[in-house]
Amino acid sequence: VNSGTSDPAAHLGLAQVYYQESQDDKALQQLQFVLQADATNPQGGFLMGQVLVRRHQYAEAMPYLKTALNGYPLSFPQVHSMLARCLAAQGDYAGALAELKPALPSDTTGIFHYQLYQIYQKLGDEKSAAAALHESEKLRREESELEEKQKMMQDPASPGERRESRPDPAVR
């Protein structure tokens, strides 16, 4: 992609590549172009927020992440989780708790519940922290079991099991 293009979508795509390659300075340059063209671009805001969170620039990330909430609903749980992370990093644990709660129903890996556990610990609520940790561990186990089942479906022979080769009836 020619970074000299004036197409914001091209700059956004390039920024995503740079972000995935951990080239944050280059990603920020591309995102500045995207957001200058349209400050309300939810994808640009989401990616800018991700870059800034990775750089621990939590206060700066928040307005961009809030812009991302005007975008695609499938990204909302991750946006809420990042906003909660920003608030917690600034010592606003009650705000972080409120921000994280909308993400919890979509947690299939346990990561949001683990984040919830950390917030409850900071708030000194050990009972809620223990419940959140328990749920996180349960979700992680379920995810692991699902991955194992998927592997078994792809390769039905269990590990260590020998497959018998049967003669092909067409070959005599």
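A. Structural detail: the side chain of Ser-136. Structurally, Ser-136 can be placed in helix α8 (residues 126–154). If we ignore the near neighbours within four places in the chain, the residues touching Ser-136 are Gly-110, His-113 and Tyr-114.

B. Representation of the pattern of salt bridges. In total, this model carries five salt bridges according to the counting rule given. With its nearest N and O atoms 4.0 Å apart, the salt bridge here joins Lys-138 to Glu-142. Placement of the pair is Lys-138 and Glu-142 together in helix α8, with a separation of four residues, close to one helical turn. Assessed through its relative accessible area of 38%, Glu-142 is described here as partly exposed. A salt bridge links Glu-148 to Lys-151, with the shortest nitrogen-to-oxygen separation between them at 3.9 Å. Of this pair, Glu-148 and Lys-151 both sit in helix α8, three residues apart, roughly one helical turn. Where salt bridges share partners, they join Glu-135, Lys-138 and Glu-142 into one cluster.

C. Representation of the packing of helix α1 (residues 8–20) against helix α2 (residues 24–37) in the model. Their axes nearest at 8 Å, the elements α1 and α2 cross at an angle of 155 degrees. With respect to their mutual orientation, α1 and α2 come out roughly antiparallel. Like other packed secondary-structure pairs, α1 and α2 cross with a definite hand, here left-handed. Together, Pro-8, His-11, Leu-12, Leu-14, Ala-15, Tyr-18 and Tyr-19 of α1 and Asp-24, Lys-26, Ala-27, Gln-30, Leu-31, Phe-33, Val-34 and Ala-37 of α2 make up the contact between the two elements. Per-class residue counts for the contact of α1 with α2 are eleven nonpolar, two polar and two charged.

D. Summary view of the packing of aromatic side chains. One pass over the full model with this rule turns up one aromatic pair. With a centroid separation of 5.3 Å and an interplanar angle of 45 degrees, the aromatic rings of Tyr-114 and Tyr-117 are classed as tilted. Placement of the pair is Tyr-114 and Tyr-117 together in helix α7 (residues 111–123), with a separation of three residues, close to one helical turn. Between Arg-54 and the ring centre of Tyr-19, over which it is positioned, the NZ or CZ distance is 4.0 Å.

Cut-offs used in this document
Residues numbered from 1 in each chain as written. Predicted model: local features only at pLDDT ≥ 70, side-chain atom pairs only at ≥ 80, totals over all residues. Heavy atoms only, no water. Helix = DSSP H or I, 4+ residues; strand = E, 2+ residues; numbered from the N terminus. Contact = heavy atoms within 4.5 Å. Salt bridge = Lys/Arg side-chain N within 4 Å of Asp/Glu carboxyl O. Buried < 20%, exposed > 50% of the residue type's maximum accessible area, 1.4 Å probe, protein only. Axes fitted to C-alpha atoms, helices over the stretch in contact; angles between N-to-C directions. Parallel < 35°, antiparallel > 145°, perpendicular 65-115°, else oblique. Left-handed = near helix turned anticlockwise from the far one by under 90°. Nonpolar A, V, L, I, M, F, W, Y, C, P; charged D, E, K, R; others polar. Phe/Tyr/Trp six-rings, centres within 6.5 Å; stacked < 30°, edge-to-face > 60°. Lys NZ or Arg CZ within 6 Å of the ring centre and 35° of its normal.

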